Amino acid sequence: MDGTIKLAEPIDGATYRKVLGHYPTGVCVVTAVEPDGKCAALVVGSFTSVSLDPPLVAFFPDRSSTSWPRIERAGKFCVNVLGSHQQDLCRRFSAKGDDKFAGLDYALSANGSPVLQDVVAWIDCTLDAVHEAGDHFIVLGHVRELDIVRAEQPLVFFRGQYGDFSPLVECGPAPLSTASLSQSKE
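Below is a summary of the structure that appears in this document. (Residues numbered from 1 in each chain as written. Predicted model: local features only at pLDDT ≥ 70, side-chain atom pairs only at ≥ 80, totals over all residues. Heavy atoms only, no water.)

This part takes up the overall build of the protein. Tallying secondary structure elements over the protein gives four helices and 12 strands in all. Relative to its 186 residues, the protein shows a buried fraction of 32%. Long-range pairs, those at least 24 residues apart, make up 63% of the contacts in the protein with a sequence separation of at least 6. When the accessible surface of the protein is totalled, it reaches about 12,200 Å², and 56% of it is carbon and sulfur. (Helix = DSSP H or I, 4+ residues; strand = E, 2+ residues; numbered from the N terminus. Buried < 20%, exposed > 50% of the residue type's maximum accessible area, 1.4 Å probe, protein only. Contact = heavy atoms within 4.5 Å. Areas by Shrake-Rupley, 256 points an atom, 1.4 Å probe, with all protein chains shown as cover.)

The structure is reproduced here in structure tokens:
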């Protein structure tokens, strides 16, 4: 065997989802207030930091989403990072329906976007750019304000299920052993 991995053509959607499902993602609810005053929301598992200077983030809504055009019209949005205790909230915003905010407590950011109660953190943005990318869009947001609400575990999606994060070890530099010190002097 020559070590070459042969790719099957074309890649089917089920295989694609199965393989990429092995990469855990955080779960966020992107919220906005439309120009007519109605609130809109979209659950995403595809949120990432992009740039520190300027501060940019991105998420990737499906082109078939009915919520994304409503958020895009607002021109600004808030990314609400859900905690592991908020699976019900995730299901609420994932479901089809007109008023996902009915009876829900939330505050408005200084930018005017809904900040959901008891989230882990929120990132308030103005819409910077939207790019077409296959069956999704790449949405860039310019971060205007952000905060940590609760220092708790985030809601994680992995292999088709919700869960939370369990740290194995603390992050930081590995301690140097005397063996590695003696080897580095040679």
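Back to the write-up after that little detour.
For the rest of this paragraph, the subject is unusual backbone geometry. Along the chain, Asp53 connects to Pro54 via a cis peptide bond; the corresponding omega equals 0 degrees. Along the chain, Pro54 falls in the loop between strand 4 (47–51) and strand 5 (56–59). With phi around 65 degrees, Asp118 is a residue other than glycine that occupies positive phi space.

What follows covers the sheet that holds strand 5. By definition, the strands of a sheet pair up through backbone hydrogen bonds, in either a parallel or an antiparallel sense. Read across the sheet, seven strands follow the order 3-2-6-9-10-5-4 without closing on themselves; strand pairing throughout is antiparallel. The open sheet terminates on both sides in strands that have one partner only, identified here as strand 3 (39–44) and strand 4. Taking each pair of neighbouring strands and ignoring which way they run, the sheet shows an average axis angle of 35 degrees. Examined bridge by bridge, strand 6 (residues 76–81) and strand 9 (residues 121–133) share six bridges and lie antiparallel to one another. Paired with Phe77 across the strands is Cys125, a residue of strand 9. (Pairing = 2+ DSSP bridges. Axes fitted to C-alpha atoms, helices over the stretch in contact; angles between N-to-C directions.)

Moving on: the pattern of salt bridges. What the rule picks out here adds up to six salt bridges. The shortest N-O distance in the salt bridge between Glu34 and Arg70 comes to 2.8 Å. Residue Glu34 is found in the loop between strand 2 (28–33) and strand 3, and its partner Arg70 is found in helix 2 (residues 68–74); the two are separated by 36 residues along the sequence. Note that Arg73 and Glu34 form a salt bridge whose closest N and O atoms lie 3.1 Å from each other. In this pair, Arg73 is assigned in helix 2 and Glu34 in the loop between strand 2 and strand 3, connecting sequence segments 39 residues apart. A relative accessible area of 52% means that Arg73 is categorised as exposed. Taking the relative accessible area as the measure of exposure, Glu34 reaches 7% and is therefore buried. If you follow the salt bridges from partner to partner, you end up with Glu34, Arg70 and Arg73 in one network. (Salt bridge = Lys/Arg side-chain N within 4 Å of Asp/Glu carboxyl O.)

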